[in-house]
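Structure at a glance
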Amino acid sequence: MSLQDIQIGTETTGSGNGSGYRRQTTGDRFRNFVDAAVGRATPILDFEDPMVLKLSLMLRKVTQLMAEDANRKVHQPEGWTQANFRICFALWVSGPMPPHQIAAVSNMSRATVSAAIKKILEEGLITKEPSPVDQRSTVLRLTPAGEDAVVRTYQSHIGLEHEWLQPLNSTERLLLYMLLEKLLDGPAAHEMRA
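Residues numbered from 1 in each chain as written. Predicted model: local features only at pLDDT ≥ 70, side-chain atom pairs only at ≥ 80, totals over all residues. Heavy atoms only, no water.

So, on to the overall build of the chain. When you go through the chain residue by residue, the secondary structure sums to nine helices and four strands. Going from N to C terminus, the chain has its helices and strands arranged as α-β-β-α-α-α-α-α-β-β-α-α-α. Expressed as a percentage of the 194 residues in the chain, the buried residues total 24%. Considering only contacts in the chain between residues 6 or more positions apart, those separated by 24 or more positions represent 43%. For the chain, the accessible area works out to roughly 13,700 Å², and carbon and sulfur atoms hold 58% of it. (Helix = DSSP H or I, 4+ residues; strand = E, 2+ residues; numbered from the N terminus. Buried < 20%, exposed > 50% of the residue type's maximum accessible area, 1.4 Å probe, protein only. Contact = heavy atoms within 4.5 Å. Areas by Shrake-Rupley, 256 points an atom, 1.4 Å probe, with all protein chains shown as cover.)

Written out as structure tokens, the structure reads:
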């Protein structure tokens, strides 16, 4: 069986008697784009493994689609921007922190965190207080209202993540996790954290 035979995301429509036709899905269109990108790059660019290009494009696409889906179905209906939720989620997970630590754990720039803080302060989801260890810095803390909002939103978010990962069985999920963990421990990721 080839990879073409096991690709996910195709549909056959028709009467069910074998006369149906195969309808191209979003996944098919993107796979075709990925193949075209590799085909275009192969004679021009110098690289060893075409699968690296395919994986890179597919990882970015899945990440983008999951983020857009969460934003549309979960965050916006709850009144969040992605930055606001990520800040409050970081505080919910890790406890009170200064803004620069929030930026580091939430993978956002300090400027993005700084710009987003004002709105969630005004909404009473967080408080800002002087740092006990550095008088030039402040510490952000989730309020009870902020904690309730994060828990409510994250419950919906988890449901959406289950939908996205539903095509994978438990072994495949573990394997994907281990592979992503390996990428995060790789030299390129280490260099980014330095």
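The next thing to look at is a nonpolar patch on the surface. Nonpolar side chains collect at one region of the surface, where M51, L55, L59, L165, L176, L180 and L183 lie side by side and expose about 570 Å² of accessible area between them. Position of L59 relative to the elements: it lies in helix α3 (residues 50-75). By relative accessible area, L59 is classed as partly exposed at 41%. (Patch = residues over 30% accessible without salt bridge, like charges linked within 9 Å, V, L, I, M, F, W, Y side chains within 5 Å. Salt bridge = Lys/Arg side-chain N within 4 Å of Asp/Glu carboxyl O.)

What follows is about unusual backbone geometry. Look at N107: it is not a glycine, yet its phi comes out positive at around 60°. Residue placement: N107 occurs in the loop between α5 (99-106) and α6 (110-122). With relative accessibility at 68%, the residue N107 sits in the exposed group.

Let's shift gears to the pattern of salt bridges. When the charged atoms of two side chains with opposite charge come close together, those side chains can pair. Taken as a whole and judged by the stated rule, the model has seven salt bridges. Among the salt bridges present, the one from R141 reaches E129, with a minimum N-O distance of 2.9 Å. With R141 in strand β4 (residues 138-142) and E129 in strand β3 (residues 126-130), this pair connects stretches of sequence that are twelve residues apart. A single salt-bridge network, built from bridges that share partners, covers D69, R72 and K73.

Now for the confidence of the model for the chain. Taken over all residues, the pLDDT of the chain has a mean of 86, while the share at 70 or more is 87%. When pLDDT is averaged over each element of the chain, helix α7 (residues 144-165) comes out on top at 96 and helix α1 (residues 3-6) at the bottom at 40. For the stretch residues 1-17, pLDDT sits under 50, and the model shows 22 contacts to residues farther than four places along the chain or on other chains. (pLDDT = per-residue confidence, 0-100.)

This part is about the packing of helix α4 (residues 82-94) against α5. Running from N to C, α4 and α5 cross one another at 100°; their axes reach a closest spacing of 10 Å. As judged from the angle between their axes, α4 and α5 are roughly perpendicular. Contacts between α4 and α5 involve R86, I87, A90 and L91 from the former and I102, V105 and S106 from the latter. Of the residues that constitute the contact of α4 with α5, the class distribution is five nonpolar, one polar and one charged. (Axes fitted to C-alpha atoms, helices over the stretch in contact; angles between N-to-C directions. Parallel < 35°, antiparallel > 145°, perpendicular 65-115°, else oblique. Nonpolar A, V, L, I, M, F, W, Y, C, P; charged D, E, K, R; others polar.)

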